[in-house]
Amino acid sequence: GAPMPVEIFRSGPGRTLLRFLAAKERGKFLLRREADLWLIAPGAKKPVKLGPSHRIYGAATIDVLFSLRLAADYEV
């Protein structure tokens with residue numbers, strides 16, 4: 001499939017925010033606080049709790065995506 005652009009923000013090891021950038025997905029966020037994972041979408045009355053094995057496009061689970069630490073693992 002086509003690449004899905006995202007931005008990932010971290011605040012320590014237990015908090016991660018993923019922002020979807022594709023026009024079709026704009027305004028959607030995934031928020032991880034410790035073991036809890038939430039989907040925040042425009043127009044939704046409440047965030048939706050997801051399991052850590054939830055898959056966004058393709059084979060990568062949220063756990064795999066959120067465990068990437070590019071700034072720490074690679075030299076830029």
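Description of the structure in this document. What you see is a predicted model; the values in this text were computed from it and never measured.

Digging into the pattern of salt bridges
Next up, step 1: Tallied over the full model, the rule gives three salt bridges.
Next up, step 2: When the shortest N-O distance is used, the salt bridge between R19 and E7 registers 2.7 Å. Residue R19 is found in strand β2 (residues 15-20), and its partner E7 is found in strand β1 (residues 6-10); the two are separated by twelve residues along the sequence.
Next up, step 3: K49 is the partner of D36 in a salt bridge, and the nearest nitrogen-oxygen pair spans 3.1 Å. A residue pair is termed long-range when its members are at least 10 positions apart, and D36 in strand β4 (residues 36-40) and K49 in strand β5 (residues 48-50) qualify at 13 residues.
Next up, step 4: When its relative accessible area of 30% is taken as the criterion, D36 is described as partly exposed.

Some details on the pairing of β1
For a regular strand, side-chain orientation follows a simple rule: the groups alternate between the two sheet faces.
Next up, step 1: Two elements, β1 and β2, share five bridges in a ladder whose sense is antiparallel. Across the sheet, I8 pairs through a bridge with L18, a residue of β2.
Next up, step 2: Between β1 and β2, which pair antiparallel one after the other, the connecting turn spans four residues, and G12 there sits at a positive phi close to 75°.

Re the side chain of E25
Next up, step 1: By the secondary structure assignment, E25 is in the loop between β2 and β3 (29-33).
Next up, step 2: Classification of E25 by relative accessible area gives buried; the value is 9%.
Next up, step 3: Here the side chain of E25 touches K28 through a polar contact of 3.0 Å, side chain to side chain.

Basis of the calculations
- Residues numbered from 1 in each chain as written.
- Predicted model: local features only at pLDDT ≥ 70, side-chain atom pairs only at ≥ 80, totals over all residues.
- Heavy atoms only, no water.
- Salt bridge = Lys/Arg side-chain N within 4 Å of Asp/Glu carboxyl O.
- Helix = DSSP H or I, 4+ residues; strand = E, 2+ residues; numbered from the N terminus.
- Buried < 20%, exposed > 50% of the residue type's maximum accessible area, 1.4 Å probe, protein only.
- Pairing = 2+ DSSP bridges.
- Polar contact = N/O pair within 3.5 Å; in protein donor to acceptor, adjacent residues only side chain to side chain.

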